[in-house]
Amino acid sequence: MAEPGTSRTARLRVLVPLFTFVRFLSSTAFRMVYPFLPAFRDGLGVSVASLNTAIGARSLVAGLLGPFIATWGDIRGRKTGMLLGMALFIVGTATVAFWPTFAGFTLAMMLTILGKITFDPAIQAYLGDRVPYARRSQVLTLTELSWSGAYILGIPAVGWVIARAGWIAPFPLLGLLVLLLAVLIWFWVPKDPPVEGRDTGRVLKKFGEILSSPTAVTGLVFAGLICVANEIINLTFGVWMEASFGLQLAALGASAAVLGAAELGGEGLVALITDRLGKRRSILLGTLVNCVAVAALPFVGGSLPLALTALFLFYISFEFTIVSTIPLMTEVMPQARATMMAGFFTFASFGRALASGLSTWLYEIGFGASVSAVLAANLLAILVLRNLRLEHDA
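Conventions used here
Residues numbered from 1 in each chain as written. Predicted model: local features only at pLDDT ≥ 70, side-chain atom pairs only at ≥ 80, totals over all residues. Heavy atoms only, no water. Helix = DSSP H or I, 4+ residues; strand = E, 2+ residues; numbered from the N terminus. Contact = heavy atoms within 4.5 Å. Areas by Shrake-Rupley, 256 points an atom, 1.4 Å probe, with all protein chains shown as cover. Buried < 20%, exposed > 50% of the residue type's maximum accessible area, 1.4 Å probe, protein only. 1 Å grid on protein atoms, 1.4 Å probe; cavity = no way out; pocket = protein on both sides within 12 Å on 5 of 7 lines; lining within 4 Å. Points joined across faces, edges and corners; volume = space filled by probe spheres on them. Nonpolar A, V, L, I, M, F, W, Y, C, P; charged D, E, K, R; others polar.

### Comments concerning the overall build of the protein chain
Thinking step 1. Helix and strand counts for the protein chain stand at 15 helices and zero strands.
Thinking step 2. Considering only intrachain contacts with a sequence separation of at least 6, the fraction spanning at least 24 residues in the protein chain is 84%.
Thinking step 3. As displayed, the protein chain offers around 16400 Å² of accessible surface, 70% of which is attributable to carbon and sulfur atoms.

Right under this line is the structure:
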């Protein structure tokens, strides 16, 4: 790299918070659909089933198109990938602002998620290029705080905006903020220096490199498996808590607070210990704790505090695992980091889609069947992890 170490460090101290804020805004846009579903339903005049279909379409588009768009972070450079992602997000928010219909809303969700999964891998690759592997978990985790921050800070802010200005208002506000940050990134992020081995060929060829690498495919399968396990509980614990305690609003409200705290705690733990303990050992530890927590759920259905404790352990261990996995994935194929991280997101999305198809069927059998499926997916993920070998990872 031509950029001196001290200059690079000073620049990163400015850029990491900037990247984190962009991710905070895009994560807020992604997550706000769920708690404010009634507001969007009433504003658009459609049914909840229609909105759920739109959310499913968002996931499908993200999984199918996201990886190919995100390869721009490898082919055209990290900065270009960032700006492309932000442009897609801005166009998405503008779409629903100027076309406030169900079709406009659906298109907006598709464009904003494509923007997110183009921007995120680009900045992960950018930081992977510049931060030594031994310290990478700590730096990348700072940007991951945007995910829990969106839940803890962004969603309440969106609720305040909707209450005062209507359901459309969050979209132009988020788009304007991202536009302002895009201007800063345009000026502050230097143009990518030449990188030896960077492929300037077709997008499909770049993504083909990932799929032809046994190590990369192993990492992607691991991501899919742990997300299957997480999503099965995501889609069933609310129904289980309602059946167990008969306190739908109170219990689910408490569980939402637990979820936000667990995500923040998991990200904090990664920053504190993953680089010291080693990425692989941290991932293994998180997955094992996740197994213990989910195995305890059927036995704590008679006590709300115990149930919330088990859920807290489940979510904090998953967040610790998934965020510890990110720096590991950035080192799987350094010559195609942005594409690799986009593939990571894609397999995670496919895992969640698979879980959505299984969760209702499993829960109809019984909550124990759901727990058994989660344990099976986690244990299989551990076996897959054993085959993921990098030269210098513990």
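### Things to note about the environment of M329
Thinking step 1. Topologically, M329 is positioned in helix 13 (residues 304-330).
Thinking step 2. By relative accessible area, M329 is classed as buried at 0%.
Thinking step 3. Residues M329 and G128, spaced 201 residues apart in sequence, show a C-alpha to C-alpha distance of 9.8 Å.
Thinking step 4. Non-local contacts of M329, meaning those with residues more than four positions away in its chain, are made with G219, M340, M341, F344 and L388.

### Digging into empty space enclosed by the protein
Thinking step 1. Applying the stated rule across the entire model yields three cavities of 30 Å³ or more.
Thinking step 2. Counted as a void, the largest cavity has a volume near 100 Å³.
Thinking step 3. In terms of lining, the largest cavity is formed by 14 residues, of which the most central are A29, F30, R58, M109 and T112.
Thinking step 4. When contributions to the lining of the largest cavity are tallied by element, the ones reaching two or more residues are helix 1 (5-31), helix 5 (78-98) and helix 6 (102-130).
Thinking step 5. In terms of residue count, helix 6 provides more of the lining of the largest cavity than any other element does, five residues in total.
Thinking step 6. Here the residues of the lining of the largest cavity sort into nine nonpolar, three polar and two charged.

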